[in-house]
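# What the coordinates show
Now for the letters of each chain:
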Amino acid sequence: MTKNLKWIILFLTPATLFFLYVYAIPIIVLFTTSFTEWTIGTAPKFIGINNYIDLLTNDSDFIKAGINTGIWILLQSTIHVALGVLCALILARKKFYWKFTRTVYMIPNIISSAALGMMFLMIFNPTFGAVNSLIRIMGIKDFGHNWFLSDSTAFLAVTIIWLPFAANITILVLAEMSSIPPSILEAAYIDGAGEVQTNIRIVLPMVHRIIGTSTLLAATSMLQKLDVIMMTTSGGPGNTTLNLPMYVYETALRQNNFGKANTAGVYMIIIGLIVVKSINWIYRMDESDI
């Protein structure tokens, strides 16, 4: 046992040190400096919870960023996941087009988010973009709406960019559905259940855990989205499309206020924990099926 323990320690030590260096220590620094006034060139000055209070009471940009992020989390957890699951149910029927559709649907996911943002800048371009060109073809001449620079459409335009990533959910759900024994589905059809009934009463309950996992991935990804917004709107016009990652970036690197930026980072961690716990509770991820 002693010999095995030595080997266990030997192999675990590099991974443990790596975790401490890359994750644990930065989180500790983030948390401790969130209670300070800290800019590049000056030493951190302890100010208690002033940053936390200021963000919630005096910073309209932070409040707007939090609301936008919350809305995107909700949209990703519902519409985004529902679209992915619906596509999985359709493709699971394995009609002649299913392999082609699955491949095409996955193409946007092998392109970086920044490149995808640039593509949608072209698609929504007011002069030669595909969207405005189609609207002009349909009869509205001289239509030149700037989707990313308009208060009324910027939020919608950014949201649409993330829809193709529902393909990840489709692949995950499809993989889980493939593990369902065909005999169960055949028994349902023999008992007179139709396609819709089988999907609702048998398939979806049997894959609810992977749907919950997909919801977790979709929701928490909204706490990481910086590149798409930076490439398209930079949080504008005004703060219409500002989210928490963009707020942290602006506060730290452009306003040189690392204390406040780290406080926003702590809030993001708290929001992430609440989101994870809520989704685990909704989908009963922690409960045993036995």
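Just above, that's the structure.
Scope of this entry: the structure provided in the associated data block. Please read all numbers here as calculations on a predicted model, not as lab measurements.

### What about the nonpolar core?
Ranked by internal contacts, the top residues of the largest apolar core, which has 36 residues, are Phe 62, Trp 72, Phe 148, Trp 162 and Tyr 247. At the level of elements, helix H2 (50-57), helix H3 (60-91), helix H5 (113-123), helix H7 (154-161), helix H11 (208-221), helix H12 (227-232), helix H13 (244-254) and helix H14 (258-282) are the ones that each hand at least two residues to this core. Considering each element in turn, this core owes the most residues, six residues, to H14. Residue contacts for Phe 148: discarding those within four places in its chain leaves Phe 120, Leu 121, Phe 124, Ala 154, Ala 157, Val 158, Ile 161, Thr 232, Thr 233, Gly 236 and Pro 237.

### Quick notes on the pattern of salt bridges
Going through the model one piece at a time under the given rule, you end up with three salt bridges. Two residues, Asp 54 and Lys 260, come together in a salt bridge whose shortest N-O distance is 3.0 Å. Highlighted residues: Asp 54 in helix H2 and Lys 260 in helix H14, separated in sequence by 206 residues. Taking the relative accessible area as the measure of exposure, Lys 260 reaches 14% and is therefore buried. Residue Lys 260 is joined to Asp 59 by a salt bridge in which the shortest nitrogen-to-oxygen separation is 3.4 Å. Of this pair, Lys 260 sits in helix H14 while Asp 59 sits in the loop between H2 and H3, and the two are 201 residues apart along the sequence. Counted as one network, the salt bridges with shared partners bring together Asp 54, Asp 59 and Lys 260.

### Looking at helix H8 (residues 166-177)
Its twelve residues give H8 an end-to-end C-alpha distance of 16 Å, which sits within 8% of 16 Å, the value for a rise of 1.5 Å per residue. Within H8, burial applies to Ala 166, Ala 167, Ile 169, Thr 170, Val 173, Leu 174 and Met 177. Summarising the axial view, the buried residues of H8 lie within an arc of 150°, below the 170-degree limit, and thus occupy one face.

### Some details on the packing of helix H9 (residues 182-190) against helix H10 (residues 195-206)
Packing of H9 against H10 leaves a shortest axis separation of 10 Å and a crossing angle of 145°. By crossing handedness, the relation of H9 to H10 is classed as right-handed. Residues Ile 184, Leu 185, Ala 188 and Tyr 189 of H9 touch H10, and the partners they reach there are Glu 195, Thr 198, Ile 202, Val 203 and Met 206. Classifying every residue of the contact of H9 with H10 gives seven nonpolar, one polar and one charged.

### Re a nonpolar patch on the surface
A grouping of Leu 17, Phe 18, Phe 19, Leu 20, Tyr 21, Val 22, Tyr 23, Ile 25, Ile 27, Val 29, Ile 269 and Leu 273 is seen on the molecular surface, where their side chains present a nonpolar patch of about 1,200 Å² in accessible area. Where the nonpolar patch is concerned, the elements lending two or more residues are helix H1 (2-33) and H14. Here the nonpolar patch takes ten residues from H1, the largest share from any one element. Relative to the assigned elements, Tyr 23 resides in helix H1.

### What about the side chain of Thr 233?
Along the polypeptide, Thr 233 turns up in the loop between H12 and H13. Classification of Thr 233 by relative accessible area gives buried; the value is 11%. Within polar-contact distance, the side chain of Thr 233 engages the side chain of Thr 241 at 2.6 Å. Residues in contact with Thr 233, not counting those within four places in the same chain, are Phe 148, Val 158 and Thr 241.

Rules used throughout
Residues numbered from 1 in each chain as written. Predicted model: local features only at pLDDT ≥ 70, side-chain atom pairs only at ≥ 80, totals over all residues. Heavy atoms only, no water. Core = buried A, V, L, I, M, F, W, Y, C linked by side-chain atoms within 4.5 Å. Buried < 20%, exposed > 50% of the residue type's maximum accessible area, 1.4 Å probe, protein only. Helix = DSSP H or I, 4+ residues; strand = E, 2+ residues; numbered from the N terminus. Contact = heavy atoms within 4.5 Å. Salt bridge = Lys/Arg side-chain N within 4 Å of Asp/Glu carboxyl O. Expected span 1.5 Å × (residues − 1). Arc of directions from axis to C-beta. Axes fitted to C-alpha atoms, helices over the stretch in contact; angles between N-to-C directions. Left-handed = near helix turned anticlockwise from the far one by under 90°. Nonpolar A, V, L, I, M, F, W, Y, C, P; charged D, E, K, R; others polar. Patch = residues over 30% accessible without salt bridge, like charges linked within 9 Å, V, L, I, M, F, W, Y side chains within 5 Å. Areas by Shrake-Rupley, 256 points an atom, 1.4 Å probe, with all protein chains shown as cover. Polar contact = N/O pair within 3.5 Å; in protein donor to acceptor, adjacent residues only side chain to side chain.

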